[in-house]
Amino acid sequence: MDVAINYTIESIAEITNARLTNGQGKIIQQNSETQPAHLLLDSRKLLFPQSTIFFAVNSSHRKGSAFIKSLYEKEVHSFVIDDKEFDLSPYPDATFILVENVLHALHLLAIHHRNTFTLPVTGITGSNGKTIVKEWLYQLLQKDFNIIRSPKSYNSQIGVPLSVLQIDQQYTLAIFEAGISQPGEMDKIEKMIQPTIGIFTNIGEAHSEGFEDKKQKIKEKLKLFEHSSSLIFCADDNELNEGVNILKRETPKLQLFTWSRNNLASLQIVSIEKENNLSTIRGKYFVPGTPVGEKEIQIRIPFTDDASIENAITCWCVLLQMKIANEIIAERMLQLHSVEMRLELKHGINNCSIINDSYSADINSLKIALDFLHQQKQHQKQTVILSDILQSGKAEHELYGEVASLLKQKRIERLIAIGPQINLQQQQFSFLTEKHFFVSVDEFKTHFHSLHFKDETILLKGARVFEFEQIDQLLEQKVHQTILSINLNSIAHNLKQYQSLLKPSVKIMAMVKAFSYGSGSYEIANLLQFNNVDYLSVAYADEGVELRKAGIALPIMVMNPEENTFNTLLQYNLEPEIFSFSILFSLEKYLHSLGIQYFPVHIKLDTGMHRLGFEQNDISILTEHFKNNNKIKVQSVFSHLAASDDKSHDEFTNKQAAIFLQCCEEFQNAVSYNFLRHIANTSAISRHPDLQMDMVRLGIGLYGIDGNAAIQKKLKNVSTLTTTVAQVKNVRAGESVGYGCDAILEKDSIIATVRIGYADGYPRALSNGVGKMLVQNKLVPVVGNVCMDMTMLDVTGINCKEGDKVIVFGEHLPIQQLAKWCNTISYEIMTGVSQRVKRIYFEE
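Reading the values: rules and limits
Residues numbered from 1 in each chain as written. Predicted model: local features only at pLDDT ≥ 70, side-chain atom pairs only at ≥ 80, totals over all residues. Heavy atoms only, no water. Helix = DSSP H or I, 4+ residues; strand = E, 2+ residues; numbered from the N terminus. Buried < 20%, exposed > 50% of the residue type's maximum accessible area, 1.4 Å probe, protein only. Contact = heavy atoms within 4.5 Å. Areas by Shrake-Rupley, 256 points an atom, 1.4 Å probe, with all protein chains shown as cover. Axes fitted to C-alpha atoms, helices over the stretch in contact; angles between N-to-C directions. Parallel < 35°, antiparallel > 145°, perpendicular 65-115°, else oblique. Left-handed = near helix turned anticlockwise from the far one by under 90°. Pairing = 2+ DSSP bridges. Salt bridge = Lys/Arg side-chain N within 4 Å of Asp/Glu carboxyl O. Polar contact = N/O pair within 3.5 Å; in protein donor to acceptor, adjacent residues only side chain to side chain.

Trainee: Which residues make up the overall build of the chain, and what are the values?
Mentor: Along the chain, the regular secondary structure elements total 27 helices and 39 strands. Of all 844 residues assigned to the chain, the portion counted as buried reaches 57%. In the chain, once contacts between residues fewer than 6 apart in sequence are set aside, the share between residues at least 24 apart is 67%. Working note: accessible area of the chain is about 36,700 Å², and carbon and sulfur atoms make up 48% of it.

So this is what it looks like as structure tokens:
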């Protein structure tokens, strides 16, 4: 996301104690008053090139300065860098701010910006619930304040300054999240946020890896409130209480507002009653500074889960601390709605793709949604369906002018605008090729079929009151209720984990064969292309064709080329793996017939796995053949390790590597150019770092699975397979369940039939109690044989009803466990999920 700023380049240099220079390395006198309007950290999300300043923040695996060349070519001419070895001379028209550390410079700018405003600021930290509490406070307080808040979950060392830099004169309250992963980070965040009101949601195990223990994590998080005037927290955790008491002694002016289920507190919770999707929460409020003392009060919320109740109580305390009458609080609490934390990508009617972000509409979340839309290359045409943006605090002409600029920069072809306010601003969108304006969703629905949605990506972006879920239902492809949800953030996270293990020059080939291990081809490839992997690999040419048609431009290796696909390889710029003389000679004959020279290929060597590839005794013939060969150019030479994940076979792995390196040396002596060498797969990246060579092939690790326990802890779950309960029955003892009468009940039981079977990829080997699923967060066994389309579960003792969600595998029931029950490997379970199962891709 880029952020609008109001600082000249000269003032940024002064604030960050930096040196200002041009592309010739000459010091610029600070009097030209060049003013960029947008600050950018992610080069892929460029919107306004000529008015952008790029902060080249370094990551664990790449210098930020590596992106300057591509940005300069797109007419970005202002940069903040700390790479002292970076050559400025190719950029004669650029202005550079030279700093010691770009991230620190960004923090200095945010601190300066925060110091220019005196509005009340609420800072939120804790292990869980930060984003929900922030969004609920926004819902509860938007009638009283014009609020600026962290976009999504922008709570890190980078996210916080981006949030703070959005403060301007129109806002009367700020609400920012703060998250940390190791000691020393909160000191920096506190200087940027400077919260006047503090909220500590809770303390749990999330993000504990970087701390010695719970006590240290509490101490670090509490540093956010060292200069706050008040702090709100739950007093039921003894270690948190102890940490707050220490902070209170060090900060005497800090006023504490506590809540508790067990002890005396500012708000003591007396009872919680759950009924009909509502929770009634009663408490004793000890009113400070009044003769009343304590007062019995209550609220009702439209949620019954424990996390929502805890988050609502935290918000209750904030509003009480702000002296808002409980009658008003109670009325607003009943109107709370759930916070959607993710953008969903799914298949729609007529070969459309639908991005559903129809839960909020503000300018910051619109930028994020448009960035996500821009990543999707599977359709050339892109449509935005947008509602009025409510309560922005900006004049409507200014607001929709900004919206129009965003759409223009992202080259959106079609806008469908819904709402009375945006209707009045039609002239702002005159540049669009196609545009339609409707006052309401009902009016849109009457014209739905005349809008002809086909072969396009559609972003739904609407304020909740417009009920865009009605539009989502019209556009969504109708499939059955078994769903594989793929978390794109988790894939990006896992990719970064492996990138951090690589030596600086090592490239990554990402394996997207077999429908990306069952997760979906072009959706995953889009993400990997966006995250700058170097190569993709597919099993067959038709997989590569689908990626090319979806707009994937990365080099693609085809692992199993066939003679009848040679024309396809050329047509779609696909690079075949050559593993035998017969396929080599056939390809050369084909290329000769067309007069094609230097066609890119990858040579596969068999160093001991004995599946495909040239063997060691073939190398002399092979290298002789490639001397002065102008038909083919070798892009890479590679081999496949048979047991890189198994310590007991390390001797064999090292033997394979030695053979491979010897063959590569002979091959290099035969050709007049360099080629890439790669042998390391997912397991070898961490277990055999000496085998990373020029490139590694990353496969199942992307999807959250690694045999190395230390690496596995750092990976995030990617895929969650869910289904729903079709019917619940009471079945008596002695009755049978399922085909073959194999399951005879020993006692009266409650049997739930769920909508998944072996045709969906749920293995029949999990029949008769071998497999289990999660219902209401409880593990329940499969009863009888798995059917083609259905499976029966014993849900006795669980309050289970028709329509309930059932987790087949996911974060709390790992796919590795299913594989273990089936006596197979995770690959087989992942790739076995059938194509009739609906895929939903989401980004949090």
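Trainee: Please provide a residue-by-residue account of unusual backbone geometry, values included.
Mentor: Only a minority of non-glycine residues have a phi that is not negative, and only a minority of peptide bonds are not trans. Even without being glycine, glutamate 467 reaches a positive phi, approximately 55°. For glutamate 467, the location among the structural elements is in the loop between β21 (456–461) and α15 (469–475). Unlike most non-glycine residues, histidine 610 shows phi in positive territory, near 60°. If you trace the backbone, histidine 610 turns up in the loop between β27 (599–605) and α22 (619–626). Judged by relative accessible area, which is 58%, histidine 610 ranks as exposed.

Trainee: Explain the packing of α22 against helix α23 (residues 650–670) residue by residue, including any values.
Mentor: Following both chains from N to C, one finds α22 and α23 inclined at 25°, their axes separated by 8 Å at the closest point. One finds that α22 runs roughly parallel with respect to α23. Judged by the sense of rotation from one axis to the other, the crossing of α22 with α23 is right-handed. Between α22 and α23, the contacting residues are Ile619, Leu622, Thr623 and Phe626 on the first element and Cys663, Glu666, Phe667 and Ala670 on the second.

Trainee: Describe the sheet that holds strand β3 (residues 38–40), and please don't skip the residues or the numbers.
Mentor: Strand order in the open sheet formed by six strands is β1-β3-β4-β5-β6-β2, and the pairing between neighbours is mixed. Only two strands of the sheet have a single partner each, and these edge strands are β1 (3–4) and β2 (19–22). Bridge count between β3 and strand β4 (residues 52–55): three bridges; the pairing is parallel. Bridged to leucine 39 within β4 is isoleucine 53. Along the sheet, helix α3 (residues 102–115) makes contact with β3, β4 and β5 (78–81), crossing β4 at roughly 130°.

Trainee: With reference to specific residues and values, describe the pattern of salt bridges.
Mentor: Any two side chains of opposite charge can pair, given that their charged atoms come close. For the structure shown, the criterion picks out 35 salt bridges. Where lysine 461 meets aspartate 357, a salt bridge forms, and the shortest distance between an N and an O atom there is 2.5 Å. Separated by 104 residues along the polypeptide, lysine 461 in strand β21 and aspartate 357 in strand β17 (residues 353–357) bring together distant segments of the chain. Of the two residues examined, lysine 461 and aspartate 357, each falls in the buried class. One salt-bridge network, in which partners are shared between bridges, spans Lys134, Glu135, Arg149, Glu177 and Asp362.

Trainee: Let's hear about the side chain of serine 636: which residues, and what values?
Mentor: Secondary-structure assignment places serine 636 in strand β28 (residues 632–639). Engagement of the side chain of serine 636 in a polar contact is seen with the side chain of histidine 602, the distance being 2.6 Å.

Trainee: A description of the packing of helix α9 (residues 306–321) against helix α10 (residues 326–333) should follow, citing residues and the corresponding values.
Mentor: In contact at an axis separation of 10 Å, α9 and α10 are set at 150° when each is read in the N-to-C sense. Pair α9 / α10 crosses with right-handed handedness. Contacts from Ala312, Cys315, Trp316, Leu319 and Leu320 in α9 reach Asn326, Ile329 and Met333 in α10.

Trainee: Which residues make up the environment of isoleucine 218, and what values do they have?
Mentor: Relative to the elements of secondary structure, isoleucine 218 occurs in helix α7 (residues 214–222). Taking C-alpha positions, isoleucine 218 is 8.5 Å from glycine 126, a pair spaced 92 residues apart along the chain.

Trainee: So what's going on with the sheet that holds strand β10 (residues 197–200)? Which residues, and what values?
Mentor: In spatial order, the strands read β8-β9-β7-β10-β11-β12-β13-β14-β15; together these nine strands make up an open sheet with mixed pairing. Either end of the sheet is taken by a strand with one partner, and the two such strands are β8 (147–149) and β15 (294–301). For this sheet, the mean inter-axis angle between neighbouring strands, taken without regard to orientation, is 20°. Pairing of β8 with strand β9 (residues 173–177) involves three bridges; the strand directions are parallel. When the sheet's bridge partners are listed, isoleucine 148 is paired in β9 with alanine 174.

Any functional reading would require information beyond the geometric quantities listed.
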